[in-house]
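Chain residues, written in single-letter form:
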Amino acid sequence: MSGNKVWPELVGRTFAEASYAILAFDHSLHPYNARNGMENRMFDPKRVVCITNEADVVTIPPQYRYH
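Now, about the overall build of the protein: what can you tell me, with residues and values included?
When helices and strands are counted, the protein shows one helix and four strands. Start at the N end of the protein and walk to the C end: the helices and strands fall as β-α-β-β-β. What you see for the protein is a C-alpha radius of gyration of 11 Å, in line with the 11 Å of a compact globule of 67 residues. Referenced to the eigenvectors of the C-alpha coordinate spread, the extents of the protein come out at roughly 35 × 25 × 15 Å. When the 67 residues of the protein are sorted by exposure, 24% land in the buried category.

If you want it as structure tokens, here you go:
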């Protein structure tokens, strides 16, 4: 089964709160804090990128494509 999971309800929440919600969905995922949209390009199929501002508040809904 494959699809997309998007968390629009996490916009405006802190990275810590977003991580908790993402891990509650699937504990094998790896939330990643991309402060100000900066992220390394390391390949990680379980990574869920959370784009945050300087205060670690999520600004764009995190999403994950699962297979």
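More follows now that the structure is in view.
Could you give an account of the pattern of salt bridges, with specific residues and numbers?
What the rule picks out here adds up to two salt bridges. Across the pair D56 and R35 runs a salt bridge whose closest N-O atoms are separated by 2.5 Å. Of this pair, D56 sits in the loop between β3 (47–52) and β4 (63–66) while R35 is found in strand β2 (residues 30–35), placing the two residues 21 residues apart along the sequence. Here E39 and R47 are joined by a salt bridge, their closest N and O atoms 3.4 Å apart.

Can you explain the nonpolar core? Please cite residues and give values.
If you look at the biggest cluster of nonpolar residues, it comprises ten residues: W7, L10, F15, A18, I22, L29, V48, C50, V58 and Y64. Mapped by element, the contributors of at least two residues to this core are α1 (15–25) and β3. If one sorts the elements of this core by residue count, α1 sits on top with three residues. With residues near it in sequence (within four places) discarded, L29 still touches W7, I22, L23, K46, V48 and Y64.

Thresholds applied
- Residues numbered from 1 in each chain as written.
- Predicted model: local features only at pLDDT ≥ 70, side-chain atom pairs only at ≥ 80, totals over all residues.
- Heavy atoms only, no water.
- Helix = DSSP H or I, 4+ residues; strand = E, 2+ residues; numbered from the N terminus.
- Rg over C-alpha atoms; globule rule 2.2 N^0.38 Å.
- Buried < 20%, exposed > 50% of the residue type's maximum accessible area, 1.4 Å probe, protein only.
- Salt bridge = Lys/Arg side-chain N within 4 Å of Asp/Glu carboxyl O.
- Core = buried A, V, L, I, M, F, W, Y, C linked by side-chain atoms within 4.5 Å.
- Contact = heavy atoms within 4.5 Å.

Purely spatial values, then, with no claim about function.
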